[in-house]
Amino acid sequence: MNLYGPDQTRNVVLLSHYGAGKTSLAEAMLFTSGAIKRLGRVEDGTTTSDYDPSEIERNMSIGLSLLPQEWKGNKLNLIDTPGYADFAGEVKAGLQVSEGVIIVVCAVAGVEVGTEQVWAYAEEAKLPRLIFINKMDRDNADFLRTLEQIQTKLAARCLPIQLPLGSQSDFQGIIDLVTMKCPAPSSTGADLPTSLQQQVELYREKLIEAAVEADDELITKYLEGEQLSNEEIFRAIKESIVVGKLVPVLCGSALRNIGIESLLDAIYSYLPSPEEKGAIAATNSATGEKEDLSPSAEAPLSSLVFKTIADPFVGKLSYFRVYSGVISSNSQVWNANKSSMERVGQLFISTGKNQQPISQLAAGNIGVVARLNLTTTGDTLCNQEHPVMLDDIKFPQPNFSMAIQPQTKADLDKMGTVLPKICEEDPSLKFHRDTDTNEVVISGIGDNHLEVVQEKMRRKFGVEVRLEPPKVPYRETITVATQAEYKHKKQTGGHGQYGHVFLKLEPLPRGSGFEFTGRIAGGAIPKNYIPAVEKGVNETRQEGVLASYPVVDVKVTLYDGSFHPVDSSDISFKIAGAHALKKGLSQGQPVLLEPIIHLTIIAPEIYTGDIISDLNTKRGRVSGVTLEESNNIIEAQAPYAELLHYAIDLRSITQGRGSFIMNFDHYEEVPSHIKEKIINEQERARKE
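Residues numbered from 1 in each chain as written. Predicted model: local features only at pLDDT ≥ 70, side-chain atom pairs only at ≥ 80, totals over all residues. Heavy atoms only, no water.

(A) Structural view of the overall build of the protein. A tally of regular secondary structure across the protein gives 17 helices and 35 strands. Viewed in the frame of its principal axes, the protein has a C-alpha envelope of about 110 × 60 × 50 Å. Burial statistics for the protein: of 688 residues in total, 54% are counted as buried. Of the roughly 29900 Å² of accessible surface on the protein, 48% is carried by carbon and sulfur atoms. Within the protein, one finds 69 positive and 90 negative side-chain charges whose respective centroids are separated by 8 Å. (Helix = DSSP H or I, 4+ residues; strand = E, 2+ residues; numbered from the N terminus. Buried < 20%, exposed > 50% of the residue type's maximum accessible area, 1.4 Å probe, protein only. Areas by Shrake-Rupley, 256 points an atom, 1.4 Å probe, with all protein chains shown as cover. Lys, Arg positive; Asp, Glu negative; His and termini not counted. Charge placed at Lys NZ, Arg CZ, Asp CG, Glu CD.)

Structure representation (structure tokens):
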């Protein structure tokens, strides 16, 4: 592949709802541009972008794929991303390194939840975009119905620059509203059918009216009734797209390869190049000041690593986008985030799983390098003499958690090294060891996300694991003050054992923790035995008397006791302290405490009633509802035990339109009927 400058390059990300035909469209674009010689199919597992065994098995994209191709003397770096909501992290990474977006909409299903979600991502990123209505050859395909949904649910500024010639089984091609022609392969040739003349002129007029608004000179010319040339209309459309006043709608069929050439032409005609996008903001890591980087080969190097793949055979692969300057194979660069030098080996251009070596990559281009030691996703590679940091990628917050259990001891040993690699690949994954339950808990966007992780661990690294709901870290405490005495006395022939303690137990306010104090008067117990009593108390409090959960919010005071000058020892007083605590806890009307989570739920207003009703079934309490733009923000609290699958529940209630943030708030007493159930379950688990 030839080397291209930032003026000849387009970096475009493909987005859609799951099943809209995005991967098939990417395949058709590769075939049309000549990057591949044979058209693959998703159903057969032969597409260029879905090459991972999990993707082939599931017939869906899981990770983003780079699909570079050449078209009419230019280069297109196409990024195919997953359409399933659980893999939104890949979408965010693709958006970060692109100047343009193509949103694919199915002509049969119309605008779906995922379409609205990716539209919102593109709006947030303020990227110019095109919409491609795919599957025009399918039964029940309806261009005008889909267009109406796009204008109603996404934005009124979405206007067609093409109309379909026929529909469903009669779909023959497209009509270009600028040139008023029908490009091949339509059966009419280049001529416009007379039966469609009126409809075409109507939509063309709407397009021109919207396009000229971005150009004062053209709007004056248009209002004065002067004829605009096609070149002027093209220029006006591009200006309107770049400033966000117009989103062109195109159509076609990826499987029948209709409308693909026009789409490729539209990308180069309407979406900006890195040079046209202009300077990019960065922070000088030496001075801390903001600066703008020019997207040229002559500027100092700045490049962002936006994806990492852990490969057990090749090693770590880092995907990066060059924003300014030039990066060369077998060179050294500065990692501004880690403040360390990084050696760069052979650079590659990746087309799906196929890699082509390249000597250097200039501003605007995307490449791959293997075996970087320190660099992870989100790091900036630059010159040490000019250290800069580019904006990091904002990955979605993982809210769905599962405990990850190894099948064998060998799996346990390997799990410690494999999990960090998996999470390095996907920053929307997090894992930690819960010290309260002694479980390794992994968190992702949804259940499918974690199932893919489980499969990846098995397939790539040979680690077999189970996914189970995480244990709830319950606590125990007392509700009334009490006193307890215990005398540990044992005669064994020779030195015996003797330890005698009096403990006072008092409940503390929630969140106070656990306190132990020794207040012995008159030398009833020698001071050197008090630490042994404390040790016995602290060890025993880890397993309470109700369901063996840790005891909290209790103050224990050692206030009296007795000793034997010969038989007393540290172990005797440790045992006495342990038994006295158990006795005191049993007398103090013990209760079970459960963690209460604070929820911030963001969802469209129409779902508010259903969300609140669902929270009521989960013992939740709503503290407030506020309206922000078109969404309601619901503040609530609910027990953690009821929220283990809340990511799935909320998705079901809101049809995928809702999101939430959850944070631990406090501990609260468990209702008595639920307490008995928890105690019985713990008893059953101990017997097993």
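(B) Spatial organisation of the pairing of strand β12 (residues 302–311). Counting buried positions over the 10 residues of β12 gives nine, a clear majority of the element. Bridge count between β12 and strand β13 (residues 315–324): nine bridges; the pairing is antiparallel. Residue pairing for β13: S303 is matched across the bridge by V322. Connecting the antiparallel pair β12 and β13 is a turn made up of three residues. Relative to strand β21 (residues 380–382), β12 is paired through three bridges, and the arrangement is antiparallel. Bridge pairing in β21 links L304 to T380. (Pairing = 2+ DSSP bridges.)

(C) Representation of the pattern of salt bridges in the model. Applying the stated criterion across every chain yields a total of 33 salt bridges. Note that E683 is salt-bridged to R686, the shortest N-O span being 2.6 Å. Of the two residues, E683 and R686 are both situated in helix α17 (residues 672–687); the distance of three residues between them amounts to about one turn of the helix. The exposure class of E683 is partly exposed, given its relative accessible area of 34%. By relative accessible area, which is 45% here, R686 ends up partly exposed. One connected set of salt bridges, linked through shared partners, spans E57, R58, E455 and R459. (Salt bridge = Lys/Arg side-chain N within 4 Å of Asp/Glu carboxyl O.)

(D) Molecular detail of the sheet that holds strand β23 (residues 400–406). A sheet is described by the order of its strands in space; here four strands give the open sequence β24-β25-β23-β26, paired in antiparallel fashion. Each edge of the open sheet carries a strand with a single partner, namely β24 (430–434) and β26 (465–468). Pairs of neighbouring strands in the sheet enclose a mean axial angle of 35°, with direction left out of account. Those strands touched by helix α11 (residues 409–425) are β23, β24, β25 (439–444) and β26, and its axis lies near 145° from that of β23. (Axes fitted to C-alpha atoms, helices over the stretch in contact; angles between N-to-C directions. Contact = heavy atoms within 4.5 Å.)

(E) Representation of the sheet that holds strand β5 (residues 129–134) in the model. Strand order across the open sheet formed by seven strands is β2-β3-β1-β4-β5-β9-β6, with mixed pairing between neighbours. At either end of the open sheet lies a strand with only one pairing partner, and these are β2 (65–71) and β6 (158–160). Within this sheet the neighbouring strands show an average axis-to-axis angle of 30°, counted without direction. The pairing of β2 with strand β3 (residues 74–80) spans seven bridges and is classified as antiparallel.

(F) Representation of the nonpolar core. M29, I131 and I237 are the most contacted members of the largest nonpolar core, which totals 107 residues. Among residues more than four places away in sequence, those in contact with M29 are Q69, L76, L78, I102, I260, L263, L264 and I267. (Core = buried A, V, L, I, M, F, W, Y, C linked by side-chain atoms within 4.5 Å.)

Interpretation in functional terms is not warranted from these geometric data alone.
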